[in-house]
Amino acid sequence: MAVDLSKAPHILVVHGVQTGSNEQISLDKTVRTLVDRVLAASHICEEYQVLQYLYEDKNDAHPTVQLGKQLATAIARGRPLTRRALSMTVDLIGDVVIAAGQGSTAATIRAGLRQRILDSHQQGHRVLLLAHSLGSFYALQVLNELIAEPGLFAGDDRRFWPVQGLITLGSPLGLALNIGPWQVFPKVQLNTLASEHERLPWHNFYSRHDPIVSGRVFGSKVEVEGTEGPVELRYRNGCDDKGWLLHGHYVNTGQRWLLAHTAYWQDPSLGLRLVAMLWG
């Protein structure tokens, strides 16, 4: 199905590790603020929608996370601040363990994201995927799976493609880490696009002080050359040959450690890139 250019494009946001529940995630408002600022400064009036793919409730329902929270409550009985800190730690680490395990919960999360993309596409909307942190792992996996499905990315007319581009922020995809027997973020073997002329743009934003990008607990600076960060170094080889157009973007937010990991949502260059991809 071809996209209808008269319809508002969809920016589909995939969040990273979270505490709390789906109802507490409001990245759609944050992204809309960035895009609206760019449109207003350029005196452009365009309609668009920012959607969220939420999966934190699925993570919270996982038996391992539930057990971890029960243990945190038991260990910190009578110490509410300690209990809260332990529970948050279990919540955050649990998200990563679920993704690393690639079990039924991770499969359910991927299936839900796939369906959300196809729903927008079947309604005729252009779709941009915008993923942060752990969400970039799921987003890349699902996009890669869609490319492998017959007919979805066929031909040289991008109007028929279900996804028009991918943006990743603070992505751990450049890391080679292990939790027990599992490689946490195994390299996704990119599938080849059928098109001989069109390329699928992938823009990766990273901070050299982001510990999720570097794998360095205290956010010590990653030494890179130009715009080639850990993700680009890991995925560059063969990327162009398969039809993926990977661009690295070094973001200097002035923040360090975990603040650097969340600062992408306030960076004006993200709004500029979204506008350029949709209407440039």
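Structure: above.
All figures in this text were calculated on a predicted structure; none of them were measured in a lab.

Q: For this particular structure, what's the right way to read helix α1 (residues 27-41)?
A: End to end, α1 covers 22 Å across 15 residues, agreeing with the expected 21 Å (1.5 Å per residue, within 8%). Within the sequence span of α1, burial applies to Leu27, Val31, Leu34, Val35, Val38 and Leu39. Projected onto a plane normal to the axis of α1, the buried residues spread over an arc of 130° and lie on a single side. Residues of α1 that are exposed and angled more than 90 degrees away from the buried face: Lys29, Arg37, Ala40 and Ala41. The inward-facing, buried residues of α1 abut β1 (10-14), β2 (49-53), β3 (127-132) and α10 (268-279).

Q: What exactly am I supposed to notice about the pattern of salt bridges here?
A: Using the criterion set out here, one finds four salt bridges in the structure. A salt bridge links Glu149 to Arg114; the shortest N-O distance between them is 2.8 Å. Placement of the pair is Glu149 in the loop between α6 (134-148) and β4 (165-169) and Arg114 in helix α5 (residues 104-122), with a sequence separation of 35 residues.

Q: Can you help me understand the side chain of Gln52 in this one?
A: Along the chain, Gln52 turns up in strand β2. Note on Gln52: relative accessible area 13%, which makes it buried. Among the polar contacts made by the side chain of Gln52, one reaches the main-chain carbonyl oxygen of Ile25 at a distance of 3.1 Å. When residues no more than four places from it in sequence are discounted, the contact partners of Gln52 are Leu12, Val13, Ile25, Ser26, Leu27, Asp28 and Arg116.

Q: Explain the sheet that holds β3 to me, please; I cannot follow it from the model alone.
A: Picture the strands of a sheet paired through backbone hydrogen bonds; they go either parallel or antiparallel. With parallel pairing, six strands are arranged side by side in an open sheet as β2-β1-β3-β4-β7-β8. The sheet terminates laterally at β2 and β8 (244-250), the two strands that pair on one side only. Each strand axis lies, on average, 20° off the axis of its neighbour in the sheet, ignoring direction. Relative to β4, β3 runs parallel, the two sharing five bridges.

Q: When you look at the pairing of β2 in this model, what are you seeing that I'm missing?
A: The two faces of the sheet receive side chains in turn, since in a regular strand these alternate between them. When you tally the buried positions in β2, you get four out of five residues, the bulk of the element. Note that β1 and β2 share five bridges and pair parallel. Bridge pairing links His10 to Gln49 in β2. As a crossover connection, the stretch from β1 through α1 into β2 is right-handed.

Q: Please explain unusual backbone geometry as it appears in this structure.
A: If a residue is not glycine, its phi is most likely negative; likewise, a peptide bond is most likely trans. The phi dihedral of His43 is positive, around 55°, even though this residue is not glycine. Among the secondary structure elements, His43 is positioned in the loop between α1 and β2. Here Ser133, not a glycine, exhibits a phi torsion of approximately 55°, which is positive. For Ser133, the location among the structural elements is in the loop between β3 and α6. Taking relative accessible area as the criterion, Ser133 reaches 4% and is therefore assigned buried.

Q: Would you mind going over the nonpolar core with me for this structure?
A: Where a protein is soluble and globular, its nonpolar side chains tend to be buried together. Counting 40 residues, the largest nonpolar core has Leu129, Leu140, Phe153, Trp202, Tyr235 and Trp244 as the members making the most contacts within it. Put simply, the parts of the chain that give this core at least two residues each are β1, β2, α5, β3, α6, β7 (200-206), α8 (230-235) and β8. At nine residues, the largest contribution of residues to this core is made by α6. Not counting residues up to four positions away in its chain, the partners in contact with Leu140 are Leu166, Leu173, Val188, Leu190, Trp202, Tyr235 and Trp244. With 27 residues, the next largest nonpolar core counts Ile25, Leu128, Leu130 and Tyr264 among its residues.

Q: Before we go on, may I ask you to explain the side chain of His249 in this structure?
A: Along the chain, His249 falls in strand β8. Take His249: its relative accessible area is 18%, and that puts it in the buried class. Not counting residues up to four positions away in its chain, the partners in contact with His249 are His203, Asn204, Phe205, Tyr206, Thr227 and Arg273.

Q: Before we go on, may I ask you to explain the environment of Val163 in this structure?
A: In this structure, Val163 sits in the loop between α6 and β4. Spatially, the C-alpha atoms of Val163 and Arg126 are 6.9 Å apart, while their sequence positions differ by 37 residues. Those residues in contact with Val163 that lie beyond four places of it in its chain are Ile117, Val127, Leu129, Leu143, Leu146, Phe153 and Leu200.

Q: I would appreciate a short explanation of the packing of α1 against α10 in the present structure.
A: Any two packed helices are characterised by the angle at which their axes cross and by the distance between the axes. In the contact formed by α1 and α10, the axes pass within 8 Å of each other and the chain directions differ by 70°. In terms of orientation, α1 and α10 fall into the roughly perpendicular class. Touching Val31, Leu34, Val35, Val38 and Leu39 of α1 are Pro268, Leu270, Gly271, Leu272, Leu274, Val275 and Trp279, all from α10. Considered class by class, the residues forming the contact of α1 with α10 number eleven nonpolar, one polar and no charged.

Conventions and cut-offs
- Residues numbered from 1 in each chain as written.
- Predicted model: local features only at pLDDT ≥ 70, side-chain atom pairs only at ≥ 80, totals over all residues.
- Heavy atoms only, no water.
- Helix = DSSP H or I, 4+ residues; strand = E, 2+ residues; numbered from the N terminus.
- Expected span 1.5 Å × (residues − 1).
- Buried < 20%, exposed > 50% of the residue type's maximum accessible area, 1.4 Å probe, protein only.
- Arc of directions from axis to C-beta.
- Contact = heavy atoms within 4.5 Å.
- Salt bridge = Lys/Arg side-chain N within 4 Å of Asp/Glu carboxyl O.
- Polar contact = N/O pair within 3.5 Å; in protein donor to acceptor, adjacent residues only side chain to side chain.
- Pairing = 2+ DSSP bridges.
- Axes fitted to C-alpha atoms, helices over the stretch in contact; angles between N-to-C directions.
- Right-handed = clockwise from strand over helix to strand, strands pointing away.
- Core = buried A, V, L, I, M, F, W, Y, C linked by side-chain atoms within 4.5 Å.
- Parallel < 35°, antiparallel > 145°, perpendicular 65-115°, else oblique.
- Nonpolar A, V, L, I, M, F, W, Y, C, P; charged D, E, K, R; others polar.

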